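Spelled out from the first residue to the last, the chains are:
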Amino acid sequence: MSSLLPAAKYSIVILGGGGVGKSAITLNFVRNQYDPTIEDCYCKTFIMDGMEYSLDITDTAGQEEYRGLFDDKFMRQGDGFVCVYSISSQDSLEELATIIHQIRRAKEGTSCPIIVVGNKCDLEQEREVSTVQGETFAQQSKTLFLETSAKTRVNIDETFEQIVREIRRQEAVAAATSKSTPQSPNSQSKTKSSCCCIA
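Our subject in this report is the structure included herewith. Small disclaimer: the values here were computed from a predicted structure and weren't measured.

## Considering a negative patch on the surface
- Residues Asp91, Glu94, Glu126 and Glu128 make up a contiguous surface patch of negative charge.
- Tracing the backbone shows glutamate 128 in the loop between strand S5 (114-119) and helix H4 (131-141).

Dropping the structure here:
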């Protein structure tokens with residue numbers, strides 16, 4: 001019989017400009033494959049630090065042109081956010097400033113765990129964004145930071161592990177500072193999504 005507690009469930013949203021590798025990162029984590037397909041919601045269960053986690057992962061790839069219409073819904077429902085740019089595109093990093101602002105506006109000041117991910121670090125010869133630039137952007141944005149390669153599977157698992165740890169850290173801080181604050185009955189409600197589940 002398993003000694004693990006019931007899985008903690010979190011909703012993770014993958015955001016970023018077109019062509020930065022959002023689907024590749026998602027599929028590499030969920031299925032350990034590098035072959036983006038058109039599918040927008042996945043479920044992944046994994047064990048970290050002796051605890052089981054179940055992640056509903058929303059990949060917004062292919063919806064960049066509808067960002068104003070769709071993303072606010074994803075952002076309100078998300079527990080954590082993976083904001084992706086390509087190290088071979090300076091524009092894609094600059095685009096994240098708007099996306100992160102939009103996330104925080106949608107969350108209306110509530111806990112907002114975000115990791116900035118510089119993808120395609122295998123394309124060193126095409127690099128337009130240095131690691132220092134990415135780190136500085138993340139520091140200024142008050143987010144976590146990693147560089148990844150979905151192609152060579154660098155820091156893929158670490159990306160999701162870091163965002164889950166940050167969600168839990170912020171939950172602990174919020175719980176410690178609001179024990180005497182009553183919550184409304186609807187504060188914990190979440191809209192269920194239909195996901196492709198991978199154990």
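## A word on the environment of glutamine 77
- Along the chain, the position of glutamine 77 falls in helix H2 (residues 67-77).
- Separated by 65 residues in the primary sequence, glutamine 77 and isoleucine 12 place their C-alpha atoms 8.9 Å from one another.

## Some remarks on the packing of helix H1 (residues 22-31) against helix H5 (residues 156-177)
- Put simply, H1 and H5 touch, their axes get as near as 9 Å, and they point 90° apart. The orientation of H1 with respect to H5, classified from their angle, is roughly perpendicular. Residues Ile25, Asn28 and Phe29 of H1 lie in contact with H5, whose contacting residues are Ile156, Asp157 and Phe160.
- Partitioned by chemical class, the residues of the contact of H1 with H5 number 4 nonpolar, 1 polar and 1 charged.

## A word on H5
- In a regular helix each residue adds 1.5 Å, so 22 residues correspond to 32 Å; H5 covers 32 Å between its end C-alpha atoms and thus fits that length.
- Every buried residue of H5 is accounted for by Ile156, Thr159, Phe160, Ile163, Val164, Glu166, Ile167 and Gln170. Within H5, the buried residues cover an arc of 155° as seen down the axis, which keeps them to one side.

## Thoughts on the nonpolar core
- Residues Ile12, Leu55 and Phe160 are the most contacted members of the largest nonpolar core, which totals 28 residues.
- For this core, the elements supplying multiple residues, two or more each, are strand S1 (8-16), H1, strand S2 (41-48), strand S3 (51-59), strand S4 (80-86), S5 and H5.
- Discounting chain neighbours no more than four positions away, the residues touching isoleucine 12 are Leu55, Asp56, Ile57, Thr58, Gly80, Val82, Phe160, Ile163 and Ile167.
- Of all hydrophobic cores here, the second largest spans 22 residues; its members include Tyr85, Ile100, Ile114 and Phe137.

Cut-offs and rules
Residues numbered from 1 in each chain as written. Predicted model: local features only at pLDDT ≥ 70, side-chain atom pairs only at ≥ 80, totals over all residues. Heavy atoms only, no water. Patch = residues over 30% accessible without salt bridge, like charges linked within 9 Å, V, L, I, M, F, W, Y side chains within 5 Å. Areas by Shrake-Rupley, 256 points an atom, 1.4 Å probe, with all protein chains shown as cover. Salt bridge = Lys/Arg side-chain N within 4 Å of Asp/Glu carboxyl O. Lys, Arg positive; Asp, Glu negative; His and termini not counted. Charge placed at Lys NZ, Arg CZ, Asp CG, Glu CD. Helix = DSSP H or I, 4+ residues; strand = E, 2+ residues; numbered from the N terminus. Axes fitted to C-alpha atoms, helices over the stretch in contact; angles between N-to-C directions. Parallel < 35°, antiparallel > 145°, perpendicular 65-115°, else oblique. Contact = heavy atoms within 4.5 Å. Nonpolar A, V, L, I, M, F, W, Y, C, P; charged D, E, K, R; others polar. Expected span 1.5 Å × (residues − 1). Buried < 20%, exposed > 50% of the residue type's maximum accessible area, 1.4 Å probe, protein only. Arc of directions from axis to C-beta. Core = buried A, V, L, I, M, F, W, Y, C linked by side-chain atoms within 4.5 Å.

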